[in-house]
Amino acid sequence: MPGFMFATGIENSYPVIAGRGGGVRVDQMEKCGHYEHWKEDLRLVAELGIHYLRWGPAIYKTFLGAGKYDFMWVDDVLEEMRRLGIQPIMDLCHFGVPDWLGNFQNEEFPAYFAEYAGEMAKRYPDAHYWTPVNEILVCATFSGLYGWWNERGMTDRTFVRAMLNLCKANVLAMRAILEYVPEAVFIQSESSEYVHPSVPRVMKRAHFLNQRRFVPLDLTYAKNVSAEVYRYLSANGMRAAEYDYFMDQTLKARCIMGTDYYVTNEHLVRPNGELIPSGEFFGYYVIAKQYYDRYGLPLMHTETNLWEVDGSVQWLWKEWNCMLRLRQDGVPIVGFTWYSLTDQMDWDTTLREDAHRVNTVGLYDLQRQIRRVGQNYKRLITDWREMLPAGSNALMLV
C-alpha cells in the first residue's frame, strides 16, 4: 500500500433545511446517485489509482435509536472496498443527526454519538482511519449562527452550544473507537479559514474571528484558547467544567490534522462589520502553515475543488504545488484529496435550496463520465506516487 494518501471522497452531507413539516433532509448521496451507483463509484476510485476514500453512511439511516442500528448496506460497501484495495476514512457525522436526536443543541447528542461510533468500530475493527465529526466549525456556524441548517439558530449562544456539543461528540467518539481499534488514526477534517480586515477599524473584529476559527481544534487537541475567546465562550453558555474536560484530553497523538481549503475559505470584514467572501488572498500555503504552527501535527489536505468552468484543472495543480512547497519547507503533509469523486448538487446555495442544481466539481460527472480534472488527477497520482513516501510518521503505518 503506497504511503502517501492520495484520496477522494463521496460527498455525504445530510443536513435538515427549512421546508414543509419543520424541515427537509438534504442527502447528497441520494441526490448524486451514490446509493444506486455505489459499486460503480468504488470501481472508478480504483481506476484512478486511489487507495483512500473519505466515505461514511448517513447517520440518520444507520442509527435508528439508542442501541438500534442498520449496517447491512455498510457491510456490503466495506466488503467491496476490501476487495478493491481501498481503505475507507470513516466519516461518521457529516452535518446532520437522526431526527430522534433533534439537532446539535441536544446535550445528549455526544453520548449517543459515542455509542454509535463504538458500535461502528466494534463491527469494523479493520477500519484504520476515522473522521468522527466532519468540519465542526462549518457545522456549528451554519446550524447555530447563520440559521441555515438543522436547528437553524442565529445567536452566539446557539453557535457556542452547537460547537461544544460537536467537539464533545468528537472526543467521546474517538475514545469509543479506540476501545475496539487501538491503532486507530483520526483525521480531523476541518475547514481552514482566515478573515481579512477591509479597513483599520475592523481589525479587532477580524483578529477575534481569526482566534475563534481555532476553537474546535483547540478543544479537540487540549490547547488553551485566548482569554478573549474564553470570555466569549463563557458568556454564551460554556460551563467551566466543560472547558476543563477538553483540556484534560490526551488524544492529540492519534490525530492527523485534516485541512480543507476552498476559494470560499477566506473572508473579508467590511467597514459595517458584515462578513463577505474575499476570494483567495493568502491561499492554502499560508493558511495551512498557520494551523501547523499552532498544533504541530501532521497535515492532510482533506478537501478541495473548484467548478469546471472556473478552472478546476488549474486549481488542482495549484493546490498540489502549494502542498509540495509546504512539504519542502518542512511541514509533514501526508495526504491530498480532491473532493469529491462525482459532481455535487446545491452547494452553490450551501444546500439551503433543494433545487437539484448540479455543481460541476467532481472528478466524474453524475453520469460517471470522467472530467478533465479527473484525468489530470489520475496522471498526477501516477507521476508522483513513488516520489512521496510516508516518511517516518508512525501514524501512517497500516
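Note that the structure is predicted; figures quoted are calculated from it, not measured. (Residues numbered from 1 in each chain as written. Predicted model: local features only at pLDDT ≥ 70, side-chain atom pairs only at ≥ 80, totals over all residues. Heavy atoms only, no water.)

Student: Let's hear about the pattern of salt bridges: which residues, and what values?
Tutor: Counted by the stated rule, this structure contains 26 salt bridges. A salt bridge links D91 to R54, with the nearest nitrogen and oxygen atoms 3.6 Å apart. One end of the pair, D91, is in strand β7 (residues 87–93); the other, R54, is in strand β4 (residues 52–55), with 37 residues separating them in the sequence. For the pair D91 and R54, a shared accessibility class is recorded, and that class is buried. Here E242 makes a salt bridge to R239, at a shortest N to O gap of 3.6 Å. When salt bridges that share partners are traced, they join E107, R161, R239 and E242 into one network. (Salt bridge = Lys/Arg side-chain N within 4 Å of Asp/Glu carboxyl O. Helix = DSSP H or I, 4+ residues; strand = E, 2+ residues; numbered from the N terminus. Buried < 20%, exposed > 50% of the residue type's maximum accessible area, 1.4 Å probe, protein only.)

Student: Account for the environment of R239, with residues named and values stated.
Tutor: For R239, the location among the structural elements is in the loop between α10 (227–235) and α11 (240–247). Residue classification places R239 among the partly exposed residues on the basis of a relative accessible area of 41%. In this structure R239 touches E107 and R161, once residues within four positions along its chain are discounted. (Contact = heavy atoms within 4.5 Å.)

Student: Explain unusual backbone geometry to me, and be specific about the residues and the numbers.
Tutor: At the junction of Y339 and S340, the peptide bond is cis and its omega measures out at 15° in the coordinates. The backbone phi angle of A222 is positive, close to 60°, even though this residue is not glycine. Inspection of the secondary structure puts A222 in the loop between α9 (215–220) and α10. A relative accessible area of 26% places A222 in the partly exposed class. One non-glycine residue with positive phi stands out, namely T350, at about 45°.

Student: Describe in detail the sheet that holds strand β13 (residues 275–277), supporting the description with residues and values.
Tutor: Across the sheet, which stays open at both edges, the 3 strands sit in the order β10-β12-β13 with mixed pairing between neighbours. Strands with a single pairing partner mark the edges of an open sheet, and in this sheet they are β10 (194–197) and β13. Sheet twist, expressed as the mean angle between neighbouring strand axes with direction ignored, is 35°. Sheet topology note: the strand β12 (residues 266–269)/β13 ladder contains 3 bridges and is antiparallel. Within β13, the position partnered with V269 by the bridge is L275. The sheet contacts of helix α8 (residues 203–212) involve β10, β12 and β13, and relative to β10 the element is tilted by about 175°. (Pairing = 2+ DSSP bridges. Axes fitted to C-alpha atoms, helices over the stretch in contact; angles between N-to-C directions.)

Student: Could you give an account of the packing of aromatic side chains, with specific residues and numbers?
Tutor: One pass over the full model with this rule turns up 36 aromatic pairs. Look at F71 and Y116: their rings are 6.1 Å apart centre to centre, the planes differ by 45°, and that puts the pair in the tilted class. Here the residue F71 occupies a position in the loop between β6 (68–69) and α4 (72–84), and Y116 occupies one in helix α5 (residues 109–123), the gap between them amounting to 45 residues. Classification of F71 by relative accessible area gives buried; the value is 4%. Taking the relative accessible area as the measure of exposure, Y116 reaches 0% and is therefore buried. Plain terms: the ring middles of Y194 and F282 are 4.9 Å apart, the flat faces sit at 45° to each other, and that makes the pair tilted. Here Y194, found in strand β10, pairs with F282, found in the loop between β13 and α12 (284–295); they are 88 residues apart in sequence, far enough to count as distant. By relative accessible area, which is 36% here, F282 ends up partly exposed. (Phe/Tyr/Trp six-rings, centres within 6.5 Å; stacked < 30°, edge-to-face > 60°.)

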